[in-house]
Amino acid sequence: MAKEPMPSADQFAGALLGCAVGDALGAWIEGRSRAEIAKEQDLLGYYRPFREYPAGQYTDDTQLTVATARSMVRLGGVDGADIANEIAQLWRDETIIGAGPVAHRAIRKILDGFDWREAADPEDLPFNGAAMRISPLGLWFAGDSDDAMKRGVEIASRVTHGHPVGIDAALVIAHAVSLAATADATNRTAFLAKPASVATTEPLRECLHDLSDWLELDETAALEAIVVATAQKPMEGFGVNVMAVPTAIASIYCFLATPDDYCATIECALRAGGDVDTIAAIAGAISGARNGMDAIPQSLRAALIDGAEIEALARDLHAARAAV
């Protein structure tokens, strides 16, 4: 069987910028309920400031994605110790924005001298922090063997998240990015078959099978079905929490509902409620990998803090992969 062609440099740029733009658009409404967000207008028209940060600033979702990509560019592949050092620098510099407790606990251990392979507790919470920063690996391993993708994702994930479900969700998202860049995302059944086949934890695998049915529902009903099926204690009307499974499923849903329309995908993610910056970051990376950089409104790319640097990094990542 012929190997899938490598994604283009514009697809690499689309994925990393798609992540950052979705993240920055969602930062100011992170944690709000669907009902609260429904009152807001023009969510994609412009960035809003949040906390002490200016409009156009992204959060840890993008920061950790960029850190992962930088390491891969520098070393020409996935190296856990180097990714750990790159990520830990954000803590050393005190520039990390909104990191979750699972990542914080792991990185504090690394800063205290723990080996990166021992820092993330496999019994810690199955949060979405590995899945949110895994898109560079989905691009890198596009067209490669499942084993190569799995090894890379496990190494990169374990820097901050050791729970098997969190790692599994990262693997599913990496495959979604890879498929979006190389396969026909309009064939939903075929698209979902690969992530479902590589998922090793039961909750995630079951939800991937159910997602085909949820895609036939209207958006409100579909998102509610995802929350009910994946949340241990769903809060009525809140939205998608920070657990890995609901985040991964909601992100893929938002993409597959409108695979050729980056803006519609992000609108869906932002209106899901809950951890919307992460859902928009992941869904944005998947959509950007399919549709390329030009699918993202130029006004949003221009107003994104560090946008030019992120695009340059994505193109460097593409060049590094081509050189392997």
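It should be emphasised that the depicted structure is a prediction, and the values quoted were computed from it without experimental measurement. Numbering of residues begins from 1 in every chain and follows the order in which that chain's sequence is written. Since the coordinates come from a predicted model, pLDDT governs what is reported: local features require at least 70, and pairs of side-chain atoms require 80 or more to be given and counted, while whole-chain, interface and lining totals use all residues. Hydrogen atoms and water are omitted, and side-chain values are computed over all heavy atoms in the structure.

Some words on unusual backbone geometry
Moving on, step 1. Look at Asp42: it is not a glycine, yet its phi comes out positive at around 55 degrees.
Moving on, step 2. Within the element layout of this structure, Asp42 appears in the loop between helix H2 (34-38) and helix H3 (60-75).
Moving on, step 3. Exposure is judged per residue with a 1.4 Å probe applied to protein chains only, and the accessible area is read against the type maximum: over 50% gives exposed, under 20% gives buried, and values in between give partly exposed. By relative accessible area, Asp42 is classed as partly exposed at 45%.
Moving on, step 4. Its identity as a non-glycine residue notwithstanding, Glu94 has a phi of 60 degrees, on the positive side.
Moving on, step 5. Think of it this way: any DSSP run of H or I at least four residues long counts as a helix, any run of E at least two long counts as a strand, and we number them from the N terminus. Structurally, Glu94 is set in the loop between helix H4 (80-92) and helix H5 (101-111).

Here we look at the pattern of salt bridges
Moving on, step 1. For salt bridges, the criterion is a side-chain nitrogen of Lys or Arg within 4 Å of an Asp or Glu carboxyl oxygen. The tally for this structure, following the rule as stated, stands at 15 salt bridges.
Moving on, step 2. For Lys194, the salt bridge identified is with Asp146, shortest N-O distance 2.8 Å. Placement of the pair is Lys194 in helix H10 (residues 188-198) and Asp146 in helix H8 (residues 146-158), with a sequence separation of 48 residues.
Moving on, step 3. Two residues, Glu216 and Arg188, come together in a salt bridge whose shortest N-O distance is 3.7 Å. Highlighted residues: Glu216 in the loop between helix H11 (202-214) and helix H12 (219-230) and Arg188 in helix H10, separated in sequence by 28 residues.
Moving on, step 4. Since its relative accessible area comes to 61%, Glu216 is described here as exposed.
Moving on, step 5. Taken together, the shared-partner salt bridges in this structure form one network comprising Asp10, Glu311 and Arg315.

Examining helix H14 (residues 262-270)
Moving on, step 1. Every buried residue belonging to H14 is among Tyr262, Thr265, Ile266, Cys268, Ala269 and Leu270, and all of these are buried.
Moving on, step 2. We call two residues in contact when some of their heavy atoms are within 4.5 Å. Taken together, the buried residues of H14 touch helix H1 (9-26), H2, H12, helix H13 (244-257) and helix H15 (276-291).
Moving on, step 3. N or O atoms within 3.5 Å of each other form a polar contact, as long as, within protein, one can give a hydrogen and the other can take it, and as long as residues adjacent in sequence are counted only when both atoms are side-chain atoms. N-cap assignment for H14: the residue whose side-chain oxygen lies 3.2 Å from the backbone N of Cys263 is Asp261.

Focus: H15
Moving on, step 1. How far a helix is expected to stretch is found by multiplying one less than its residue total by 1.5 Å. The first and last C-alpha atoms of H15 sit 21 Å apart over 16 residues, in line with the 22 Å expected at 1.5 Å per residue.
Moving on, step 2. The buried fraction of H15 is high, at 14 of 16 residues.
Moving on, step 3. Gly292, located one to two residues past H15, shows a positive phi value of around 80 degrees.

Things to note about the environment of Asn85
Moving on, step 1. The residue Asn85 is located in helix H4 in this model.
Moving on, step 2. Relative accessible area serves as the criterion here: at 39%, Asn85 is assigned to the partly exposed category.
Moving on, step 3. Note: C-alpha distance between Asn85 and Ala103 (18 residues apart in sequence) is 13 Å.
Moving on, step 4. A distance of 3.1 Å separates polar atoms of two side chains, one belonging to Asn85 and the other to Arg92.

Brief notes about the environment of Ala103
Moving on, step 1. Checked against the element boundaries, Ala103 lands in helix H5.
Moving on, step 2. On a C-alpha basis, the gap between Ala103 and Gly80 in space is 15 Å, while along the polypeptide they are 23 residues apart.
Moving on, step 3. Residues within four places of Ala103 in sequence aside, it is in contact with Trp91, Thr160 and His161.

Considering the side chain of Asp168
Moving on, step 1. Relative to the elements of secondary structure, Asp168 occurs in helix H9 (residues 164-182).
Moving on, step 2. A positive count includes Lys and Arg, and a negative count includes Asp and Glu. His and the chain ends are not counted in either. Buried charge without a salt bridge: Asp168, with Arg205 as the nearest opposite-charge side chain at an N-O distance of 6.1 Å.
Moving on, step 3. Among the polar contacts listed, one links the side chain of Asp168 to the backbone nitrogen of Thr200, at a separation of 2.9 Å.
Moving on, step 4. Once residues lying within four places of it in the same chain are set aside, the contact partners of Asp168 are Val198, Ala199, Thr200, Thr201 and Leu204.

Some thoughts on the state of the cysteines
Joining two cysteines, a disulfide is a covalent bond between their sulfur atoms.
Moving on, step 1. Two cysteine sulfur atoms make up a disulfide if the distance between them is within 2.5 Å. Inspection of every chain in the model, using the stated rule, returns zero disulfides.
Moving on, step 2. With no disulfide of its own, Cys263 lies 13 Å from the sulfur of Cys268, the closest cysteine sulfur.
Moving on, step 3. Classification of Cys268 by relative accessible area gives buried; the value is 3%.

A closer look at the side chain of Gln63
Moving on, step 1. Examined against the element boundaries, Gln63 turns out to sit in helix H3.
Moving on, step 2. At 2.8 Å, the side chain of Gln63 forms a polar contact with the backbone nitrogen of Ile97.
Moving on, step 3. Excluding anything up to four places from it in sequence, Gln63 contacts Tyr58, Leu90, Thr95, Ile96 and Ile97.

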